Amino acid sequence: MSLKQSPCKDEIIAEAKRLGFYKIGFAKVRSVEKASASQYADWISVGCHGEMSYLDRYHDVRNNPQQLLPSAKTIIVCAASYYPAKKQSIELPQIATYALGRDYHEVLRERLMLLADFVGGETRVCVDTAPLRERYWAVQAGVGFVGRNSQLIIPDAGSYFFLGEILTSIEFPADTPLTQSCLECGRCVDSCPGNAIIGNGAIDARRCLSYLTIEYKGDFPEGFSLGNRLYGCDECQAVCPHNSTPIFTSIPDFEPSDELLSLDKKTISELTPELFSMIFRHSAIKRTKLMGLLRNLKALD
Ligand code: SF4
Ligand code: SF4
(Lines give C-alpha, C1' and ligand atoms only; values in the text may rest on other atoms or scores of the structure.)
(Ligands and ions follow the chains in the order given, each with its own letter.)
Protein backbone atom coordinates (compact mmCIF):
# COMPACT_ATOMS: atom_id res chain seq x y z
CA MET A 1 0.00 0.00 0.00
CA SER A 2 1.40 3.40 -0.98
CA LEU A 3 1.95 5.91 1.82
CA LYS A 4 2.23 8.77 -0.67
CA GLN A 5 -0.14 11.56 0.25
CA SER A 6 -2.19 12.97 -2.62
CA PRO A 7 -1.41 16.54 -3.59
CA CYS A 8 -4.14 19.15 -3.15
CA LYS A 9 -5.90 20.86 -6.07
CA ASP A 10 -3.66 23.93 -5.95
CA GLU A 11 -0.55 21.77 -6.15
CA ILE A 12 -1.99 19.86 -9.11
CA ILE A 13 -2.89 23.09 -10.89
CA ALA A 14 0.62 24.44 -10.31
CA GLU A 15 2.16 21.23 -11.67
CA ALA A 16 -0.18 21.24 -14.69
CA LYS A 17 0.82 24.82 -15.47
CA ARG A 18 4.47 23.87 -15.17
CA LEU A 19 3.77 21.17 -17.76
CA GLY A 20 2.34 23.75 -20.19
CA PHE A 21 -1.40 23.59 -19.46
CA TYR A 22 -3.24 26.89 -19.32
CA LYS A 23 -6.45 26.00 -17.50
CA ILE A 24 -7.35 23.05 -15.31
CA GLY A 25 -10.71 22.10 -13.80
CA PHE A 26 -12.10 19.29 -11.67
CA ALA A 27 -15.47 17.58 -12.05
CA LYS A 28 -17.11 14.76 -10.15
CA VAL A 29 -17.38 11.59 -12.21
CA ARG A 30 -21.01 10.69 -12.83
CA SER A 31 -23.32 9.97 -15.74
CA VAL A 32 -23.72 12.60 -18.45
CA GLU A 33 -26.92 14.61 -17.92
CA LYS A 34 -29.89 13.18 -19.83
CA ALA A 35 -30.50 16.34 -21.88
CA SER A 36 -26.92 16.36 -23.14
CA ALA A 37 -26.90 12.61 -23.83
CA SER A 38 -30.14 12.99 -25.86
CA GLN A 39 -28.75 15.94 -27.79
CA TYR A 40 -25.75 13.83 -28.78
CA ALA A 41 -27.96 10.85 -29.70
CA ASP A 42 -30.15 13.11 -31.88
CA TRP A 43 -27.06 14.48 -33.64
CA ILE A 44 -25.95 10.95 -34.43
CA SER A 45 -29.43 9.79 -35.47
CA VAL A 46 -29.68 12.39 -38.24
CA GLY A 47 -26.26 11.38 -39.56
CA CYS A 48 -24.36 14.59 -38.71
CA HIS A 49 -21.29 12.52 -37.81
CA GLY A 50 -20.83 11.51 -41.45
CA GLU A 51 -18.53 8.51 -41.80
CA MET A 52 -17.07 8.82 -38.29
CA SER A 53 -18.75 5.60 -37.21
CA TYR A 54 -16.61 5.44 -34.05
CA LEU A 55 -18.80 8.28 -32.71
CA ASP A 56 -21.79 5.94 -32.87
CA ARG A 57 -20.18 3.25 -30.70
CA TYR A 58 -19.77 2.76 -26.94
CA HIS A 59 -22.63 5.07 -26.03
CA ASP A 60 -22.84 3.49 -22.58
CA VAL A 61 -19.19 4.40 -21.95
CA ARG A 62 -19.62 7.86 -23.47
CA ASN A 63 -22.50 8.51 -21.09
CA ASN A 64 -20.69 7.19 -18.04
CA PRO A 65 -16.93 7.74 -17.75
CA GLN A 66 -16.78 5.35 -14.82
CA GLN A 67 -16.81 2.63 -17.45
CA LEU A 68 -13.37 3.85 -18.56
CA LEU A 69 -12.04 3.49 -15.01
CA PRO A 70 -14.39 1.79 -12.55
CA SER A 71 -12.69 3.39 -9.53
CA ALA A 72 -12.87 6.93 -11.00
CA LYS A 73 -14.15 9.64 -8.68
CA THR A 74 -12.80 12.79 -10.36
CA ILE A 75 -12.16 13.90 -13.90
CA ILE A 76 -9.43 16.51 -14.25
CA VAL A 77 -9.78 18.49 -17.48
CA CYS A 78 -6.64 20.19 -18.75
CA ALA A 79 -6.51 22.70 -21.59
CA ALA A 80 -3.28 23.54 -23.42
CA SER A 81 -3.00 26.32 -25.99
CA TYR A 82 -1.76 25.26 -29.41
CA TYR A 83 -1.59 28.74 -30.91
CA PRO A 84 1.97 29.07 -32.24
CA ALA A 85 4.11 32.17 -32.56
CA LYS A 86 4.96 31.23 -36.17
CA LYS A 87 2.22 30.65 -38.75
CA GLN A 88 2.05 29.88 -42.47
CA SER A 89 2.01 32.59 -45.09
CA ILE A 90 -1.61 32.98 -46.23
CA GLU A 91 -0.43 32.47 -49.83
CA LEU A 92 0.35 28.82 -49.08
CA PRO A 93 -2.14 25.92 -48.88
CA GLN A 94 -3.50 26.34 -45.37
CA ILE A 95 -3.18 23.80 -42.59
CA ALA A 96 -5.45 24.21 -39.54
CA THR A 97 -3.56 25.83 -36.68
CA TYR A 98 -3.95 22.81 -34.40
CA ALA A 99 -2.10 20.62 -36.90
CA LEU A 100 0.91 22.87 -37.44
CA GLY A 101 2.92 21.42 -34.58
CA ARG A 102 3.70 17.91 -33.39
CA ASP A 103 0.74 15.53 -33.08
CA TYR A 104 -1.19 16.59 -29.97
CA HIS A 105 -2.07 13.00 -29.13
CA GLU A 106 1.62 12.32 -28.50
CA VAL A 107 2.46 15.65 -26.86
CA LEU A 108 -0.50 15.84 -24.50
CA ARG A 109 -0.37 12.18 -23.56
CA GLU A 110 3.28 12.51 -22.47
CA ARG A 111 2.46 15.53 -20.33
CA LEU A 112 -0.77 14.13 -18.91
CA MET A 113 0.99 10.90 -17.94
CA LEU A 114 3.47 12.96 -15.91
CA LEU A 115 0.59 14.85 -14.32
CA ALA A 116 -1.30 11.62 -13.61
CA ASP A 117 1.76 10.29 -11.76
CA PHE A 118 1.80 13.47 -9.73
CA VAL A 119 -1.94 13.19 -8.93
CA GLY A 120 -1.66 9.58 -7.78
CA GLY A 121 -4.36 6.99 -7.16
CA GLU A 122 -5.59 4.84 -10.02
CA THR A 123 -5.62 6.95 -13.14
CA ARG A 124 -6.50 6.85 -16.81
CA VAL A 125 -5.36 9.46 -19.31
CA CYS A 126 -7.57 10.37 -22.27
CA VAL A 127 -6.57 12.46 -25.28
CA ASP A 128 -9.31 12.43 -27.88
CA THR A 129 -9.22 8.65 -28.34
CA ALA A 130 -11.50 7.26 -25.62
CA PRO A 131 -15.29 7.67 -25.95
CA LEU A 132 -15.44 10.64 -23.61
CA ARG A 133 -17.55 13.80 -24.07
CA GLU A 134 -14.59 16.06 -23.49
CA ARG A 135 -16.26 19.43 -24.11
CA TYR A 136 -19.14 18.42 -21.83
CA TRP A 137 -16.65 17.60 -19.06
CA ALA A 138 -14.71 20.79 -19.70
CA VAL A 139 -17.92 22.74 -19.05
CA GLN A 140 -18.68 20.67 -15.95
CA ALA A 141 -15.16 21.31 -14.66
CA GLY A 142 -15.54 25.08 -15.12
CA VAL A 143 -12.87 25.24 -17.84
CA GLY A 144 -15.01 26.88 -20.53
CA PHE A 145 -18.32 26.97 -22.38
CA VAL A 146 -19.36 25.72 -25.81
CA GLY A 147 -19.81 28.37 -28.50
CA ARG A 148 -22.21 28.30 -31.42
CA ASN A 149 -19.28 27.06 -33.48
CA SER A 150 -19.14 23.96 -31.19
CA GLN A 151 -15.72 24.92 -29.89
CA LEU A 152 -14.87 24.95 -26.20
CA ILE A 153 -14.21 28.59 -25.39
CA ILE A 154 -12.20 29.55 -22.33
CA PRO A 155 -13.28 32.94 -20.95
CA ASP A 156 -10.74 35.65 -21.84
CA ALA A 157 -8.57 33.11 -23.64
CA GLY A 158 -10.56 31.76 -26.61
CA SER A 159 -10.73 28.37 -28.24
CA TYR A 160 -7.29 27.57 -29.66
CA PHE A 161 -6.85 24.88 -27.04
CA PHE A 162 -6.46 21.13 -26.90
CA LEU A 163 -8.23 19.26 -24.16
CA GLY A 164 -6.96 16.24 -22.29
CA GLU A 165 -8.40 14.48 -19.28
CA ILE A 166 -7.22 12.46 -16.31
CA LEU A 167 -9.66 10.16 -14.57
CA THR A 168 -8.52 9.45 -11.04
CA SER A 169 -9.78 7.30 -8.18
CA ILE A 170 -9.05 10.18 -5.78
CA GLU A 171 -11.96 12.39 -4.86
CA PHE A 172 -11.23 16.11 -5.20
CA PRO A 173 -13.66 19.00 -4.60
CA ALA A 174 -15.39 19.73 -7.90
CA ASP A 175 -15.29 23.13 -9.59
CA THR A 176 -18.46 24.97 -10.53
CA PRO A 177 -19.73 24.28 -14.07
CA LEU A 178 -19.68 27.29 -16.39
CA THR A 179 -23.13 28.52 -17.34
CA GLN A 180 -21.87 31.36 -19.54
CA SER A 181 -22.73 31.28 -23.24
CA CYS A 182 -20.91 32.75 -26.22
CA LEU A 183 -21.64 36.25 -27.54
CA GLU A 184 -23.91 34.73 -30.19
CA CYS A 185 -22.77 37.29 -32.72
CA GLY A 186 -23.33 34.80 -35.55
CA ARG A 187 -20.01 35.53 -37.25
CA CYS A 188 -19.03 31.86 -37.24
CA VAL A 189 -22.34 30.91 -38.88
CA ASP A 190 -22.04 33.61 -41.55
CA SER A 191 -18.43 32.86 -42.42
CA CYS A 192 -18.58 29.05 -42.41
CA PRO A 193 -17.64 28.01 -45.96
CA GLY A 194 -19.65 24.78 -45.71
CA ASN A 195 -22.74 26.24 -44.05
CA ALA A 196 -22.18 23.51 -41.50
CA ILE A 197 -23.08 25.24 -38.22
CA ILE A 198 -26.58 24.09 -37.41
CA GLY A 199 -27.13 25.63 -33.99
CA ASN A 200 -26.97 24.65 -30.31
CA GLY A 201 -23.23 24.25 -30.63
CA ALA A 202 -23.69 21.54 -33.24
CA ILE A 203 -21.98 21.05 -36.59
CA ASP A 204 -23.12 18.94 -39.50
CA ALA A 205 -19.80 17.23 -40.16
CA ARG A 206 -20.85 16.26 -43.67
CA ARG A 207 -20.63 19.91 -44.68
CA CYS A 208 -17.66 20.87 -42.54
CA LEU A 209 -14.35 21.31 -44.36
CA SER A 210 -12.48 20.10 -41.32
CA TYR A 211 -14.24 16.74 -41.56
CA LEU A 212 -14.14 16.66 -45.36
CA THR A 213 -10.40 17.30 -45.59
CA ILE A 214 -9.41 14.95 -42.76
CA GLU A 215 -11.95 12.27 -41.85
CA TYR A 216 -13.83 11.82 -45.11
CA LYS A 217 -12.18 9.22 -47.32
CA GLY A 218 -14.16 9.48 -50.56
CA ASP A 219 -13.69 11.61 -53.65
CA PHE A 220 -14.99 15.15 -53.87
CA PRO A 221 -17.64 15.90 -56.49
CA GLU A 222 -16.46 17.51 -59.73
CA GLY A 223 -15.93 21.24 -59.24
CA PHE A 224 -15.88 21.03 -55.44
CA SER A 225 -13.59 23.71 -53.97
CA LEU A 226 -11.77 23.91 -50.66
CA GLY A 227 -10.61 27.46 -51.33
CA ASN A 228 -7.07 27.41 -49.96
CA ARG A 229 -7.75 24.95 -47.10
CA LEU A 230 -5.52 21.94 -47.53
CA TYR A 231 -6.03 20.33 -44.13
CA GLY A 232 -8.76 21.37 -41.71
CA CYS A 233 -10.45 24.74 -41.42
CA ASP A 234 -10.02 27.53 -38.88
CA GLU A 235 -12.68 29.90 -40.16
CA CYS A 236 -15.23 29.61 -37.32
CA GLN A 237 -12.49 30.15 -34.77
CA ALA A 238 -10.64 32.87 -36.66
CA VAL A 239 -13.73 35.12 -36.84
CA CYS A 240 -14.85 34.52 -33.25
CA PRO A 241 -14.42 37.62 -31.06
CA HIS A 242 -13.36 35.37 -28.18
CA ASN A 243 -10.19 34.68 -30.17
CA SER A 244 -9.25 38.30 -30.78
CA THR A 245 -6.15 37.97 -28.56
CA PRO A 246 -5.14 34.31 -28.62
CA ILE A 247 -3.01 32.86 -25.87
CA PHE A 248 0.27 31.67 -27.36
CA THR A 249 1.33 28.13 -26.60
CA SER A 250 4.06 27.57 -24.04
CA ILE A 251 4.73 24.09 -25.45
CA PRO A 252 7.59 24.19 -27.98
CA ASP A 253 6.30 21.01 -29.68
CA PHE A 254 3.32 22.99 -30.99
CA GLU A 255 5.52 25.37 -32.98
CA PRO A 256 5.63 24.38 -36.67
CA SER A 257 8.86 23.26 -38.30
CA ASP A 258 10.36 25.37 -41.09
CA GLU A 259 9.74 22.41 -43.42
CA LEU A 260 6.01 22.51 -42.71
CA LEU A 261 5.87 26.29 -42.95
CA SER A 262 7.34 26.20 -46.43
CA LEU A 263 5.03 23.55 -47.94
CA ASP A 264 3.72 24.91 -51.22
CA LYS A 265 1.54 23.29 -53.88
CA LYS A 266 4.51 22.10 -55.93
CA THR A 267 6.27 20.45 -52.97
CA ILE A 268 3.05 18.73 -51.90
CA SER A 269 2.30 17.49 -55.42
CA GLU A 270 5.78 15.93 -55.57
CA LEU A 271 5.62 14.14 -52.20
CA THR A 272 6.50 10.46 -52.34
CA PRO A 273 5.14 8.04 -49.70
CA GLU A 274 8.60 8.05 -48.08
CA LEU A 275 8.79 11.85 -47.93
CA PHE A 276 5.22 12.07 -46.65
CA SER A 277 6.06 9.62 -43.83
CA MET A 278 9.25 11.50 -43.01
CA ILE A 279 7.66 14.96 -42.87
CA PHE A 280 4.44 13.96 -41.12
CA ARG A 281 5.60 11.09 -38.90
CA HIS A 282 4.96 13.16 -35.77
CA SER A 283 2.17 15.28 -37.20
CA ALA A 284 -1.62 14.91 -36.97
CA ILE A 285 -1.58 15.32 -40.78
CA LYS A 286 -0.54 11.68 -41.18
CA ARG A 287 -4.21 10.88 -40.46
CA THR A 288 -5.25 11.88 -43.96
CA LYS A 289 -2.48 9.82 -45.60
CA LEU A 290 -0.71 10.94 -48.76
CA MET A 291 -3.70 10.01 -50.90
CA GLY A 292 -6.01 12.25 -48.87
CA LEU A 293 -3.59 15.17 -48.96
CA LEU A 294 -3.25 14.89 -52.75
CA ARG A 295 -7.04 14.69 -53.12
CA ASN A 296 -7.33 17.89 -51.07
CA LEU A 297 -4.60 19.55 -53.12
CA LYS A 298 -6.57 18.95 -56.32
CA ALA A 299 -9.61 20.70 -54.79
CA LEU A 300 -7.72 23.92 -53.97
CA ASP A 301 -8.46 27.05 -55.98
S1 SF4 B 1 -18.30 33.73 -33.59
FE2 SF4 B 1 -19.89 34.67 -32.30
S3 SF4 B 1 -21.59 33.17 -32.38
FE4 SF4 B 1 -19.77 32.12 -33.10
S5 SF4 B 1 -18.94 31.11 -31.28
FE6 SF4 B 1 -17.89 33.09 -31.46
S7 SF4 B 1 -19.11 34.49 -30.21
FE8 SF4 B 1 -20.36 32.68 -30.55
S1 SF4 C 1 -14.37 24.22 -39.36
FE2 SF4 C 1 -14.84 25.50 -41.16
S3 SF4 C 1 -16.36 24.34 -42.33
FE4 SF4 C 1 -16.29 23.45 -40.26
S5 SF4 C 1 -17.86 24.50 -39.10
FE6 SF4 C 1 -15.99 25.66 -38.77
S7 SF4 C 1 -15.99 27.22 -40.37
FE8 SF4 C 1 -17.49 25.67 -40.94
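Residues numbered from 1 in each chain as written. Chains lettered and ligands numbered in written order. Predicted model: local features only at pLDDT ≥ 70, side-chain atom pairs only at ≥ 80, totals over all residues. Heavy atoms only, no water.

1. Side note on the sheet that holds strand 7 (residues 161-168)
Think of a sheet as strands paired side by side through backbone hydrogen bonds, with each pair either parallel or antiparallel.
Reasoning step 1: A sheet is described by the order of its strands in space; here four strands give the open sequence 1-2-7-4, paired in antiparallel fashion. At either margin of the open sheet sits one strand with a lone partner, and together these are strand 1 (23-28) and strand 4 (123-126). With strand direction ignored, the average angle separating the axes of adjacent strands in the sheet is 20 degrees.
Reasoning step 2: In this structure, strand 4 lies alongside strand 7, joined through four bridges in antiparallel fashion. (Pairing = 2+ DSSP bridges. Helix = DSSP H or I, 4+ residues; strand = E, 2+ residues; numbered from the N terminus. Axes fitted to C-alpha atoms, helices over the stretch in contact; angles between N-to-C directions.)

2. Brief notes about the site of ligand 2
Reasoning step 1: Within the structure, ligand 2 sits among Cys-192, Pro-193, Ile-197, Ile-203, Cys-208, Leu-209, Cys-233, Glu-235 and Cys-236.
Reasoning step 2: Here the shell around ligand 2 is built from residues that sort into eight nonpolar, no polar and one charged. (Near = heavy atom within 4 Å. Nonpolar A, V, L, I, M, F, W, Y, C, P; charged D, E, K, R; others polar.)

3. What to know about the packing of aromatic side chains
Reasoning step 1: Scanning all chains against the criterion turns up 17 aromatic pairs.
Reasoning step 2: Aromatic pair Tyr-136 and Trp-137: ring centres 5.0 Å apart, planes at 90 degrees, arrangement edge-to-face. The pair formed by Tyr-136 and Trp-137 is uniform in burial state, with each residue classed as buried.
Reasoning step 3: Judged by centre distance (6.2 Å) and plane angle (20 degrees), the rings of Tyr-216 and Phe-220 are stacked. Each member of the pair Tyr-216 and Phe-220 is classed as buried.
Reasoning step 4: The structure contains a cluster of three or more aromatic residues connected by ring pairs, namely Tyr-82, Tyr-83, Tyr-98, Tyr-104, Tyr-160, Phe-162, Phe-248 and Phe-254. (Phe/Tyr/Trp six-rings, centres within 6.5 Å; stacked < 30°, edge-to-face > 60°. Buried < 20%, exposed > 50% of the residue type's maximum accessible area, 1.4 Å probe, protein only.)

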